[in-house]
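Examination of the molecular architecture
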There are 2 protein chains.
Amino acid sequence: MPRRHMDLKQLTALVTVAEVGSITKAARLLHLVQPSVTRQIRSLEDELGVSLFRRVASGMTPTPEGALFVERARRVLLELDRARAEIRPDPGGVRGVVTLGCSRAWSRSWPSRWCERWTSITPASSSGW
Amino acid sequence: MPRRHMDLKQLTALVTVAEVGSITKAARLLHLVQPSVTRQIRSLEDELGVSLFRRVASGMTPTPEGALFVERARRVLLELDRARAEIRPDPGGVRGVVTLGCSRAWSRSWPSRWCERWTSITPASSSGW
DNA sequence: TTTAGTTACGTAAGTCGTAATCATA
DNA sequence: TATGATTACGACTTACGTAACTAAA
């Protein structure tokens, strides 16, 4: 029996579907096609053994477990994104200029790790898994 | 060039290699073979554009960027594990029994995908990716 | 009929393991 | 030579997209 293993693409799909409430819209955002997103969500549910969404005619509504897991997944993806940014080479380079917004502590040292919130405009690279 | 995308298996390999300081030993722990682990580390480095380890005769020593990223990766994997545990179904139940439950619409056609909730079996496998 | 999600299936891409190669003590 | 990492390559597995299907309004 092929043990499917959780994947970052699946987590991204999960978060996106939860945000837009629809596999169709999520697929467009992810530059994928409906069946692909369906499979990613389904394989996640299979692995976790939990139904993450309730399928209604209008789209996808998270179950309580789904909503909780979505929050965790969102955090994981965010941390991974930050981790990537932290060690990104060529920080002062020209390509892929990143704009960072920080609500606190930016006057002392810059950039600071202790921001309360970041906004990063990441070129296409960080968007898709 | 094919854009390789970060994978949880790669992160697991990264953390393991960093902990044991050797691809050979890490491969054994991961139930993989040397070249496979080598590729996972290399593709991570390629994607990040950073050298994560310094290759010395005795094994693998993390670079500063590598050490930092390993910490982040470790945290991510831990959080993901916790998230899985949080929503794990059937916490005290009998495992290994398949139960399909559908609260609705099962009288028309079976099986139906429009159930409000399913319960399906999941043999335990939270450990490995 | 329209909208949305799912399944079937062929093809493309990725991953693994074996074996050979390179580098260092 | 001995140890450990890397590359080459064939086989297997997985993931995508197209097309067809099912369910609900």
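If you're wondering where the values come from, they're calculated on a predicted model, not measured in any experiment.

1. Description of the relation of the copies chain B and chain A
For these two chain copies, the linking operation is a rotation about an axis paired with a shift along it. Overlaying chain B with chain A gives an RMSD of 0.1 Å, the required rotation being 180° about an axis along which the chain moves by 0.0 Å. The operation mapping one copy onto its partner corresponds to a two-fold rotation axis. Both copies share a contact surface, since 81% of the interface residues of chain B are interface residues in chain A too.

2. Here's the deal with helix α1 (residues 8–20) of chain B
Here α1(B) contains 13 residues, and its C-alpha end-to-end distance of 18 Å stays within 8% of the 18 Å for a straight helix at 1.5 Å per residue. Note on α1(B): the residue one or two positions beyond its end, G21(B), has a positive phi of about 70°.

3. Some words on the interface of chain B and chain A
Between chain B and chain A, the contact holds 32 residues from the first and 33 residues from the second. For the chain B and chain A pair, buried surface summed over both sides reaches about 3200 Å², with 64% attributable to carbon and sulfur atoms. Linking chain B with chain A are six salt bridges. The closest approach of N and O atoms between E86(B) and R72(A), which form a salt bridge, is 2.9 Å. Those elements that place two or more of their residues in the side of chain B that touches chain A are α1, α3 (34–48) and α4 (64–86) of chain B. Looking at the side of chain B that touches chain A, the element that brings in the most residues is α4(B), giving eleven residues.

4. Details of the nonpolar core
Counting residues in hydrophobic clusters, the biggest one holds 51 residues, and the most contacted among them are L11(A), L14(A), F69(A), L11(B), L14(B) and F69(B). Listing elements by their share of this core, those giving two or more residues are α1 (8–20), α2 (23–29), α3 (34–48) and α4 (64–86) of chain A together with α1, α2 (23–29), α3 and α4 of chain B.

5. Quick notes on the UniProt feature "domain: HTH lysR-type" (unreviewed entry) in chain A
According to UniProt, the feature "domain: HTH lysR-type" (unreviewed entry) maps to residues 6–63 of chain A in the numbering used here. Summarising residues 6–63 of chain A: 60% helix, 14% strand, and an end-to-end C-alpha distance of 19 Å.

6. Section: the pattern of salt bridges
On inspection of all chains with the given rule, the structure shows 16 salt bridges over all chains. Residues R84(A) and D81(A) are paired through a salt bridge, measuring 3.8 Å at the closest nitrogen-oxygen approach. One end of the pair, R84(A), and the other, D81(A), are both in helix α4, three residues apart, so they sit about a helical turn from each other. Judged by its relative accessible area of 7%, R84(A) is buried. Accessibility expressed as a relative area gives 21% for D81(A), which makes it partly exposed. Note that R75(B) is salt-bridged to E79(B), the shortest N-O span being 3.1 Å. Remark: E79(B) and R75(B) occur in helix α4; sequence separation between them is four residues, near one turn of the helix.

7. Notes on the confidence of the model for chain A
Looking at chain A, the pLDDT average stands at 75 and 66% of residues meet or exceed 70. For residues 94–129 of chain A, every residue scores under 50 in pLDDT, and the model assigns this stretch 43 contacts once sequence neighbours within four places are set aside.

8. Some details on the packing of α1(A) against α3(A)
Residues and elements named next belong to chain A. At a minimum axis separation of 9 Å, α1 and α3 run at an interaxial angle of 105°. The orientation of α1 relative to α3 falls into the category roughly perpendicular. Within the contact between the two elements, α1 uses K9, Q10, L11, A13, L14 and V17 and α3 uses V37, Q40, I41, S43 and L44. Class assignment for the residues of the contact of α1 with α3 results in seven nonpolar, three polar and one charged.

9. Here we look at unusual backbone geometry
Residue and element names in this part refer to chain A. Of note, H31 is a non-glycine position whose phi angle comes to about 60°, a positive value. When you line up the elements, H31 lands in the loop between α2 and α3. Overall, H31 belongs to the exposed group, its relative accessible area being 73%.

About the cut-offs
- Residues numbered from 1 in each chain as written.
- Chains lettered and ligands numbered in written order.
- Predicted model: local features only at pLDDT ≥ 70, side-chain atom pairs only at ≥ 80, totals over all residues.
- Heavy atoms only, no water.
- Least-squares fit on C-alpha atoms with pLDDT ≥ 70 in both.
- Contact = heavy atoms within 4.5 Å.
- Helix = DSSP H or I, 4+ residues; strand = E, 2+ residues; numbered from the N terminus.
- Expected span 1.5 Å × (residues − 1).
- Buried area = accessible area lost by both parts, 1.4 Å probe.
- Salt bridge = Lys/Arg side-chain N within 4 Å of Asp/Glu carboxyl O.
- Core = buried A, V, L, I, M, F, W, Y, C linked by side-chain atoms within 4.5 Å.
- Buried < 20%, exposed > 50% of the residue type's maximum accessible area, 1.4 Å probe, protein only.
- UniProt positions renumbered as here; feature names shortened; annotations may be inferred.
- pLDDT = per-residue confidence, 0-100.
- Axes fitted to C-alpha atoms, helices over the stretch in contact; angles between N-to-C directions.
- Parallel < 35°, antiparallel > 145°, perpendicular 65-115°, else oblique.
- Nonpolar A, V, L, I, M, F, W, Y, C, P; charged D, E, K, R; others polar.

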